[in-house]
Amino acid sequence: MKKNSFFKNVTVLLLSQAIIKIIGIIYKLYLTNKTGYADTGNAIFSAAFQVYAIFLTICSIGVPNAIATLTSAKFAVGDSNGAYRILKIAVVIFGTIGFLGSFILYSFANVFAASYLEMPETEMILKILAPSIFILSISSVLKGYFNGKEKMDVTAKALSIEQLAKTIITVICVEILSYISNKNTIVMVGGVAIVTTIGSIINCLYMYFNYIKNRREIWTDMLTSKTYKKERKRSIIKNIFKVTFPISICALIGSFNKTIDAFTIVKIAKQYLGEAEAIRQYGILTGKIESLVTLPFAFNLAITTSLIPTIAGFKARGEDDNNRQIIRFAILTGILISIPFFIIMFTFSEQILQILFPNASDGSLMLKISSIGIIFAIIIQTINSYFQGINKMRVQIIVIAISSGLKLLLNIVLISNPKIRIYGAAISNVISYILTFVILLIYMIIHEKIYFKVTKFIIKPAIICLSMYIIMKITYNISRINVELINTVLSIGVGMGFYLVAIIVSKLITKQEIKLIMKKR
């Protein structure tokens, strides 16, 4: 098996995520600005998607990371045969679970739509999305195997092709349905759901064809395997669930955390806004705001996805010092990724929405509030990957359960207040992120003995952050350009230029850290 560096894997995934996000923005811009779809269409699809996400989480979300953890530990000690047996058994297990998930969601779509979401129009969307649960359960196992083998390019290309195909087919499908149905929102949303399922099929087929293509290499690895101690199927199944269960529970609680908005916002806000406006406001939050504030998550995902097998490999070889160094580097990188996104969205929230969504530009204050949570959410994402890599998920489950309970309580209290309204959901998100971050950080310091230099992780980034904000505001205010788009882009460009220079001058990333991530394993 070819040895890959953490840096190489991150680079491949970063390029992939950049492509995916650029295409994804085009996808979201088209739908939000489409007459008849806009914020209401986003709300209907998002509400249905949150229920679908719960089933997807149970059946497949934790699977790639779990399989990557198990197989990378096998590959780290030269046991390619053991890794292949895990793959075969996992396909059967999660294929069965995925089929049951699809069947249940399809059969009870009307119950979820009417009773849980109180949005009957989502029933059709849930039924259309249901088959993709089974499909993604299979592809998630293949993704985990390739990630564990550190062939990140396969999963990266699969996601890029899926997003590209989904965007192109969505535009064609929605345009046709818009014309046929005279811009009927429900019909157009149904078309988007159909294309989402088609996208999952494309993803799975690409992964499978690559598996077939790589069979010779896989068999060669197995024949030249340094060590192989055949495990009983029962033992492998036990290990798969031992790793997958806590990851899935953690992801499930996270999905419930997101569905809190789905079943509280419309239900509470419609009492003083009316149902139509409440749905529109929910669409603003889940359609535009979440798409923007989760943008940096995609780039950090490149790091966290590569982090899991790398940390699992270090752990299998007993290299605890390397684990501590690489998680510190990953957290610092996450902070550096999140800072410009936070500052730009906080500073130019109104301008960004007007430029990107000229036909539906409401939500600037919501974006400003939500942007505050970006840095905390990125660090949480990174720490979670560390715990998954060392197979220590219990603390995550407890912490996320606590923060979800707090979010539910805050949503009920804040959204019920007519003066705060929908902004209560954004505020509760930020508070729950901060609570989760604080608890996880304290646990890492006390129990994992991972320490962080205040100057490097807080003081320097804070100074750079504040300086970037001031420079962008000054540039924007003194600019004599009357075209809003050019003025905003110019200010952001100047701010980003300063930011990149500041990172280099401050020497936040050391040569030792660069050598570690470039090291082949």
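Everything quoted here is computed from the prediction, not taken from an experiment.

K.L.:
How should the overall build of the protein chain be read in this particular structure?
P.N.:
Of regular secondary structure, the protein chain possesses 22 helices and 0 strands. Taking 2.2 N^0.38 as the reference for a compact globule, 521 residues should give roughly 24 Å; the C-alpha atoms of the protein chain span a radius of gyration of 23 Å, in line with that estimate. C-alpha extents for the protein chain along the principal axes are approximately 65 × 60 × 40 Å. Across the 521 residues in the protein chain, those meeting the buried criterion constitute 56%. Residue pairs in contact within the protein chain that sit at least 24 positions apart in sequence constitute 83% of those at least 6 positions apart. A total of about 22600 Å² of accessible surface is found on the protein chain, and carbon and sulfur atoms cover 68% of it. For the protein chain, the centre of its 54 positive side-chain charges and the centre of its 24 negative side-chain charges are spaced 9 Å apart.

K.L.:
Would you take a moment to explain the confidence of the model for the protein chain for this structure?
P.N.:
The predicted structure's coordinates, where accompanied by low pLDDT, should not be read in detail. Across the protein chain, pLDDT averages 84, with 91% of residues at or above 70. The element-level mean pLDDT for the protein chain is lowest in helix α22 (residues 511-518), coming to 65, with helix α16 (residues 364-371) highest at 94.

K.L.:
Hey, could you run me through the pattern of salt bridges in this one?
P.N.:
Two side chains bearing opposite charge may form a pair once their charged atoms approach each other closely. Applying the stated rule across the entire model yields 6 salt bridges. Between E175 and K34 there is a salt bridge, with the nearest N and O atoms lying 3.0 Å from each other. One end of the pair, E175, is in helix α8 (residues 152-181); the other, K34, is in the loop between α1 (6-33) and α2 (38-61), with 141 residues separating them in the sequence. On the accessibility criterion, E175 (36% relative accessible area) is partly exposed. For K34, a relative accessible area of 13% gives the class buried. When salt bridges that share partners are traced, they join E277, R280 and D362 into one network.

K.L.:
In this structure, what is going on with a nonpolar patch on the surface? I would like to understand it.
P.N.:
A surface patch of nonpolar side chains, amounting to about 890 Å² of accessible area, comprises L164, I168, I169, I172, I176, Y179, I180, I194 and I198. Listed by contribution, the elements that provide at least two residues to the nonpolar patch are α8 and α9 (185-213). Within the secondary structure, I198 sits in helix α9. Judged by its relative accessible area of 32%, I198 falls in the partly exposed class.

Cut-offs applied
Residues numbered from 1 in each chain as written. Predicted model: local features only at pLDDT ≥ 70, side-chain atom pairs only at ≥ 80, totals over all residues. Heavy atoms only, no water. Helix = DSSP H or I, 4+ residues; strand = E, 2+ residues; numbered from the N terminus. Rg over C-alpha atoms; globule rule 2.2 N^0.38 Å. Buried < 20%, exposed > 50% of the residue type's maximum accessible area, 1.4 Å probe, protein only. Contact = heavy atoms within 4.5 Å. Areas by Shrake-Rupley, 256 points an atom, 1.4 Å probe, with all protein chains shown as cover. Lys, Arg positive; Asp, Glu negative; His and termini not counted. Charge placed at Lys NZ, Arg CZ, Asp CG, Glu CD. pLDDT = per-residue confidence, 0-100. Salt bridge = Lys/Arg side-chain N within 4 Å of Asp/Glu carboxyl O. Patch = residues over 30% accessible without salt bridge, like charges linked within 9 Å, V, L, I, M, F, W, Y side chains within 5 Å.

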